[in-house]
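# Residue-level structure breakdown
Next come the chains, spelled out residue by residue.
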Amino acid sequence: MNNSFAVIGLGRFGMALAISLSEAGKEVIGIDMDEERVKEFRDYSDYAYVATSMSKKVLEEIGVQDCDVAIVCMGSQLETSILTTLNVIHLGVKEVIAKATNEAHGEILEKLGAQVVYPEKDMALRLANKLINKQLVDFISLDSGIDISEIVVGDKMIGHSLIDLRVREKYHINIVGLIQEKKVTVDIDPNYQFQANDKVVLIGTLKHIEKFINHYASK
């Protein structure tokens, strides 16, 4: 399990990420060139540092190499983003994630050896899929082409169980979670009959999830 993180760049994306990780009980190092941003993050972590540069030496002195994961959140500053990502990789951090602003930027980061995220693109995809599929509550797309979707149980599902639906056999997806009000169950009784207002978490390709929604979950 990853328990220590370095978030490099405390802009809107980086700050939100660093705070979320800290509030989840993780050890988080926050680094930025802006002193005010670093001061803001000190409310959430004792490990908040102002860095005049993102050189390998500076990052090493801060202790980035000791973290399980480093996330470079400096997408708007392309040259700094690329050099910082390279420095973090050279420090030997086992998992390096970098924010990209466009496909060309992302290709460079991937060639360096980083996992790439496109925050604006990912949010746009999530919104588009929620608008297209009204049953869709939330949506996350993974790099592997697999999607995780949360949907409201449709009328045709009510009174039917996992055994009845045969989702793996018929739709090549899995129902991996059941949400009833605020209670989440991941070990679902295969004989449980879905009720109105239930929500389920699906995992599979978007094509197969959409097929399931259109054929069975839509109202």
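Residues numbered from 1 in each chain as written. Predicted model: local features only at pLDDT ≥ 70, side-chain atom pairs only at ≥ 80, totals over all residues. Heavy atoms only, no water.

### Examining the overall build of the protein chain
Tallying secondary structure elements over the protein chain gives nine helices and 11 strands in all. Considering the protein chain as a whole, with its 219 residues, one finds that 42% of them fall into the buried category. Within the protein chain, counting contacts between residues at least 6 apart in sequence, those at least 24 apart form 54% of the total. Within the structure as shown, the protein chain displays about 12,100 Å² of accessible surface, and the carbon and sulfur contribution to it stands at 50%. (Helix = DSSP H or I, 4+ residues; strand = E, 2+ residues; numbered from the N terminus. Buried < 20%, exposed > 50% of the residue type's maximum accessible area, 1.4 Å probe, protein only. Contact = heavy atoms within 4.5 Å. Areas by Shrake-Rupley, 256 points an atom, 1.4 Å probe, with all protein chains shown as cover.)

### Brief notes about helix H4 (residues 78-90)
An α-helix turns once every 3.6 residues. As a result, residues three or four positions apart point the same way. The end-to-end C-alpha separation of H4 is 18 Å, in line with the 18 Å expected for 13 residues at 1.5 Å each. Within the sequence span of H4, burial applies to Ser 81, Thr 84, Thr 85, Asn 87 and Val 88. Summarising the axial view, the buried residues of H4 lie within an arc of 165°, below the 170-degree limit, and thus occupy one face. Those residues of H4 that are buried are in contact with strand S1 (4-8), helix H3 (56-62), strand S4 (69-72), strand S5 (95-99) and helix H5 (103-112). (Expected span 1.5 Å × (residues − 1). Arc of directions from axis to C-beta.)

### Re unusual backbone geometry
At His 172, a position not held by glycine, the phi torsion is positive, near 60°. By the element assignment, His 172 lies in the loop between helix H8 (167-171) and strand S9 (174-180). Exposure remark for His 172: the relative accessible area of 52% places this residue in the exposed category. Phi is positive for Asn 197, which is not a glycine, with a value near 80°. Residue placement: Asn 197 occurs in the loop between strand S10 (183-185) and strand S11 (199-204).

### Points about the sheet that holds S1
Taken in spatial order, the six strands of this open sheet run S3-S2-S1-S4-S5-S6, and their pairing is parallel. Two strands bound the open sheet, and with one partner strand each, they are strand S3 (48-50) and strand S6 (115-117). Each neighbouring strand pair of the sheet contributes to a mean axis angle of 20°, computed without reference to strand direction. Bridge count for S1 against S4 is four bridges, and the pairing is parallel. Bridge pairing links Phe 5 to Val 69 in S4. Its contacts with the sheet put helix H1 (residues 12-23) on S1, strand S2 (27-32), S4, S5 and S6, and the angle it makes with S1 is roughly 165°. (Pairing = 2+ DSSP bridges. Axes fitted to C-alpha atoms, helices over the stretch in contact; angles between N-to-C directions.)

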